[in-house]
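Spelled out from the first residue to the last, the chains are:
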Amino acid sequence: MKIGVYVCHCGGNISEIVDVEKVAKYVDNQDDVVFAKHYSHMCSEDGQQMIINDVKEHNLDRVLVSACSPLFHGETFKNVAKQAGLNPYLIEMVNIREQCAWVHYDDLEKATEKATNLTEMGIDRIRNNNPLEEIKMDIGKSVLVIGAGIAGIQAALDLGDAGYQVHLVEKDASIGGKMAQLSRTFPTNDCAACILSPKMADVTTNKNITLHTYSEITKVDGNLGNFKVSLTHHPAFVDSESCVSCGLCAEACPVSVDDEFEWKISKRKAIYIPMDFAVPNRYLIDVENCLNQKARRKSGKTNVCRLCEKVCPQNCIDFENKPEYLELDIDAIIVTTGHDVFDAGRKPEYGYGKYENVLIAPEMERIIVKKSEGAEVRDIGKKIAFIQCVGSRDEQIGNEYCSRVCCMYATKLSQLIMHSAQVAGADKDIYVFYTDMRTFGKGYEEYYKSTQKMGVKFIRGRPSEIFKNPGSEKVNLRVEDTLNRQIIESEFDTVVLSVGLELSAGSKKIADILKIPKSTDGFLQEAHPKFRPVDTQKDGIFIAGTAQGPKDIPDSVAQASATAARVMRLLNQGSITMDPRKAFVHPELCDGCGECVSSCPYDTISMNADNIAVVDQNRCKGCGMCLSSCHSDALDLNMFTNFQLFSEVKAALKDKRESDKRIIVFADSICTYKLSDSVGNAKNKYSVDTRIIRVPSSSRVTPKLILQSFALGADAVFLGDCEKKSTPFLGSIDAVEKNIKLVKKNLEIVGISPDRVEFFQFVTVMLTKFPMLLNKMETIAKNKGTIPHEKRIKISNSLQEWLFPKNKEI
């Protein structure tokens with residue numbers, strides 16, 4: 001065996017903390033290592049070429065790159081292996097940046113020791129790697145776009161125009177999203193509907209787009225190239241084919257309710273069209289407020305009111321409409337489910353909902369629109385204040401991020417109000433109270449200055465409270481102008497709260513269904529902000545628009561086109577390479593007990609005619625959960641074999657001194673390993689005595705492997721996985737908990753504290769929880785003291801009997 005080892009400086013990110021030369025020099029003497037080199041940037045063209053040349057010149061059959069996270073550059077080095085003529089599964093990465101240099105930056109000596117040990121672990125692991133055949137699967141050109149706001153519409157049109165079959169799903173009765181509620185867009189003040197409505201119309205005329213409005217995704221199974229999507233069409237109770245939108249039904253309807261499209265500043269009927277330029281432009285019945293539907297739910301009566309039905313000349317109203325259920329075969333998914341505005345009621349000091357003349361910015365937008373249409377709307381008075389950053393940049397409510405659009409949105413609204421007043425010859429006195437004015441976009445600074453020239457006053461200061469004096473119709477606010485240190489206290493006719501953006505409730509639901517993670521700001525998490533900014537960690541699922549984070553319309557449109565381009569790049573290949581991480585059987589070890597058959601929730605294991613277990617490779621999900629059921633180690637998992645993990649654990653404990661405490665951490669690839677990378681990016685320190693081992697799922701970690709870890713010298717073992725609702729593997733969390741319970745029981749038998757093994761379910765935003773739990777494990781290991789050698793021997797000798805008591809003869 002010939003192994004080449006490459007230790008990366010990462011341009012100083014690693015080498016400023018870890019002595020990479022010392023690491024390379026140490027591992028250069030390991031068995032099977034032909035040489036160990038260190039280089040400034042292994043991911044650079046020169047670094048990659050160095051590996052290719054070395055593989056060919058020295059006939060290397062294994063390559064180890066000790067650098068950054070394999071989640072970041074794993075695919076890069078797989079491609080390097082292919083170019084070198086090496087099987088891509090004979091190259092491995094060791095993470096000494098996120099999980100070493102960046103979390104142990106204040107202890108250079110210990111960081112170097114740990115980096116050396118991590119590289120040794122990698123060498124021991126790669127010795128046991130086997131060449132694997134990549135699995136190819138054909139893929140089609142069917143794309144699901146969830147959410148039909150401006151981002152979803154743009155992505156669907158780009159894909160439809162390129163010849164892809166698109167299913168565009170919108171939960172509301174019309175497409176258009178929140179942009180449809182805008183009158184003008186900054187910084188050009190052009191008509192929002194004039195930009196949006198042609199795109200909405202193009203959706204219906206594009207032969208490659210199938211539009212599903214008033215519909216919801218209820219279930220998604222499968223993977224890239226093979227998603228199975230369940231969809232429910234809600235009944236509109238109006239036949240869209242025969243309805244001519246004459247409006248006689250709405251005229252006859254006796255019910256009047258708040259119009260949510262108009263932010264409740266005007267009314268609509270129980271049978272209605274969502275907005276003037278709705279697509280599809282058809283009526284529907286509001287089942288919550290329709291008198292007939294309410295009576296049906298309450299008493300079973302079906303003949304109440306029905307005036308709309310009586311006056312409809314087309315006979316297109318059908319109160320017996322039922323939901324329709326569809327199943328779609330989809331190759332890739334784009335999520336553009338958007339945002340909700342911050343609930344201003346969560347900031348009670350501003351009196352929203354308490355004082356009538358305190359509004360939120362979207363309400364002011366619709367007042368401006370309705371007033372321009374000549375409708376009778378509330379009087380906003382002469383003196384108006386805007387308060388910025390309501391629900392943004394606020395640690396108290398947990399939204400530390402900037403919502404990015406609020407400064408320009410308030411600037412636009414104040415400009416529209418001022419312009420309307422000037423046209424009418426009226427006088428307005430407008431103040432914008434801000435924390436910082438953020439005018440980062442093209443033309444934004446000029447737009448801000450032009451608004452100042454119109455007479456709008458921008459005051460740097462955040463009011464702490466809004467109150468009313470007794471008997472006054474106006475509201476008061478008091479604020480310090482932080483530029484000139486003057487206190488301003490004044491009455492205003494109207495106060496407008498510039499509310500921030502949060503991930504929408506619909507987006508949260510879709511994230512749970514698709515099992516894609518959210519970032520620390522609560523929005524959907526991209527795979528990497530620079531490397532893969534519109535991908536998610538789940539292959540074949542992409543994100544765009546404000547579901548990914550606050551952004552304006554130009555950025556949403558650009559990001560939507562980016563997702564469409566990424567999908568085209570992916571699906572144009574015609575086939576994809578599947579991960580060969582599948583369970584398999586060592587037939588010579590299988591004794592035909594059949595215990596494994598019921599352990600797989602996907603029913604992929606069966607017994608053949610020779611009574612040997614076989615795994616259906618096409619259906620196996622690669623979680624490794626089944627391995628715990630096998631008493632003879634006949635079941636195994638490609639890329640994470642029993643011997644590979646055992647060797648990795650053994651190497652992790654190889655350099656442990658008598659006084660050391662060593663914590664073995666098994667981290668699932670999807671949540672915990674990703675989280676540990678994020679913890680490294682955030683430079684959140686944790687115990688240097690930890691050794692993180694990546695596994696596909698913590699259910700892959702058998703009780704035997706945990707007990708073997710203690711037998712080999714571990715002082716504590718920690719397992720991390722996704723939350724039960726987020727893991728893609730059925731039954732995996734229950735399996736882990738069962739395994740942990742079994743291990744704890746057997747540790748107690750030998751007199752070892754069960755506290756030394758723990759399991760936790762993570763989401764990828766727990767940047768402080770993860771280091772806290774690892775440090776806690778270190779404290780437990782120290783407080784419990786050294787595990788006597790004889791107890792470790794006892795574990796080693798007894799674990800088979802403990803775990804499989806019915807097979808004592810084995």
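Our subject is the structure that appears above.
The paragraphs below set out a description of the structure included in this document. Bear in mind that the values here come from a model prediction, so they are computed numbers and not experimental data.

Once that is clear, we can look at the overall build of the protein chain. Along the backbone of the protein chain there are 21 helices and 38 strands. Taking 28 Å as the expected radius of gyration for a compact globule of 810 residues, we find that the protein chain reaches 31 Å, a close match to that expectation. Along the first, second and third principal axes, the C-alpha set of the protein chain runs to 90 × 70 × 55 Å. Looking at the 810 residues of the protein chain, the share that counts as buried comes to 56%. Sequence separation of at least 24 residues holds for 72% of the intrachain contacts in the protein chain that already meet a minimum separation of 6. Charge-centre separation for the protein chain: the mean point of 102 positive side chains lies 3 Å from the mean point of 108 negative side chains.

What follows covers the sheet that holds strand S25 (residues 475-481). In spatial order, the strands read S24-S25-S26; together these three strands make up an open sheet with antiparallel pairing. With one partner strand each, in any of the chains shown, strand S24 (466-467) and strand S26 (486-492) form the two edges of the open sheet. In the sheet, S25 pairs with S26 via seven bridges, with the strands oriented antiparallel. In the sheet register, Val479 faces S26, and the bridge partner there is Ile488.

Next up on the list: the packing of aromatic side chains. By convention here, two paired aromatic rings are described through the distance between centres and the angle between planes. Inspection of every chain in the model, using the stated rule, returns 13 aromatic pairs. When the ring of Tyr431 is compared with that of Phe433, the centres are 6.1 Å apart and the planes differ by 10°; the resulting orientation is stacked. The exposure class assigned to Tyr431 is buried, which follows from its relative accessible area of 15%. An angle of 65° between the planes, with centres 5.7 Å apart, marks the rings of Phe440 and Tyr444 as edge-to-face. Overall, Phe440 belongs to the partly exposed group, its relative accessible area being 43%. Relative accessible area serves as the criterion here: at 2%, Tyr444 is assigned to the buried category. Among the aromatic residues, those joined into a ring-pair cluster are Tyr686, Phe718, Phe760, Phe762 and Phe770.

Under the definition given, this model contains one disulfide. Across the disulfide, Cys671 is cross-linked to Cys722 (sulfur-sulfur distance 2.2 Å). On the sign convention where negative is left-handed, the bridge of Cys671 and Cys722, at about 100° about the S-S bond, is right-handed. Here the residue Cys671 occupies a position in the loop between strand S35 (663-668) and helix H17 (672-681), and Cys722 occupies one in strand S37 (residues 716-722), the gap between them amounting to 51 residues. For Cys722, a relative accessible area of 1% corresponds to the buried category. Free of any disulfide, Cys305 has its nearest cysteine sulfur in Cys253, 6.3 Å distant.

So, about the pattern of salt bridges. Throughout the structure, instances matching the rule amount to 48 salt bridges. With a shortest N-O distance of 3.4 Å, Asp555 and Arg404 are connected by a salt bridge. With a gap of 151 residues between them, Asp555 in helix H15 (residues 553-571) and Arg404 in the loop between strand S21 (383-390) and helix H12 (406-424) connect regions that are remote in the sequence. By relative accessible area, Asp555 is classed as partly exposed at 31%.

It is worth spelling out the pairing of strand S2 (residues 33-39) at this point. As paired strands, strand S1 (residues 3-8) and S2 are joined by six bridges and run parallel to one another. Among the inter-strand pairings, Ile3 is bridged to a residue of S2, identified as Val33. You can see the chain leave S1, run along helix H1 (residues 20-27) and come back into S2, and the turn it takes is right-handed.

Okay, the side chain of Ser174 next. Here Ser174 lies in the loop between strand S7 (165-169) and strand S8 (184-185). Among the polar contacts listed, one links the side chain of Ser174 to the backbone nitrogen of Val279, at a separation of 3.0 Å. Apart from the residues lying within four places of it in its own chain, the contact partners of Ser174 are Met200, Pro274, Met275, Ala278 and Val279.

Across the interface, helix H2 (residues 45-58) lies against helix H3 (residues 70-83) with an axial gap of 9 Å and an inter-helix angle of 35°. Crossing handedness for the pair H2 and H3: right-handed. Facing Gln48, Ile51, Ile52 and Lys56 of H2, the residues of H3 in contact are Thr76, Phe77, Val80 and Gln83. Split by residue class, the contact of H2 with H3 holds four nonpolar, three polar and one charged.

Here we take up the side chain of Asp54. As for its placement among the helices and strands, Asp54 is situated in helix H2. Dropping the residues within four chain positions of it, Asp54 is found in contact with Tyr6, Phe35, Lys37, Asn59 and Leu60.

Turning our eyes to something else, we now look at unusual backbone geometry. Along the chain, Phe186 connects to Pro187 via a cis peptide bond; the corresponding omega equals 0°. With respect to the helices and strands, the residue Pro187 is situated in the loop between S8 and strand S9 (190-191). A cis amide bond links Val279 to the next residue, Pro280, at an omega of 0°. For Pro280, the position within the fold is in the loop between strand S15 (271-272) and strand S16 (284-285). A positive phi is found at Asn189, a non-glycine position, where the angle reads about 55°. Turning to its location among the elements, Asn189 is positioned in the loop between S8 and S9. A positive phi angle, close to 65°, is found at Cys305, a residue other than glycine. Structurally, the position occupied by Cys305 is in the loop between helix H9 (291-299) and helix H10 (307-311).

As a further point, take helix H5 (residues 108-127). Here H5 spans 29 Å end to end across 20 residues, near enough to the 28 Å set by a 1.5 Å rise per residue. Burial analysis of H5 places 15 of its 20 residues in the buried class, the great majority of the element.

Rules and cut-offs
Residues numbered from 1 in each chain as written. Predicted model: local features only at pLDDT ≥ 70, side-chain atom pairs only at ≥ 80, totals over all residues. Heavy atoms only, no water. Helix = DSSP H or I, 4+ residues; strand = E, 2+ residues; numbered from the N terminus. Rg over C-alpha atoms; globule rule 2.2 N^0.38 Å. Buried < 20%, exposed > 50% of the residue type's maximum accessible area, 1.4 Å probe, protein only. Contact = heavy atoms within 4.5 Å. Lys, Arg positive; Asp, Glu negative; His and termini not counted. Charge placed at Lys NZ, Arg CZ, Asp CG, Glu CD. Pairing = 2+ DSSP bridges. Phe/Tyr/Trp six-rings, centres within 6.5 Å; stacked < 30°, edge-to-face > 60°. Disulfide = S-S within 2.5 Å. Salt bridge = Lys/Arg side-chain N within 4 Å of Asp/Glu carboxyl O. Right-handed = clockwise from strand over helix to strand, strands pointing away. Polar contact = N/O pair within 3.5 Å; in protein donor to acceptor, adjacent residues only side chain to side chain. Axes fitted to C-alpha atoms, helices over the stretch in contact; angles between N-to-C directions. Left-handed = near helix turned anticlockwise from the far one by under 90°. Nonpolar A, V, L, I, M, F, W, Y, C, P; charged D, E, K, R; others polar. Expected span 1.5 Å × (residues − 1).

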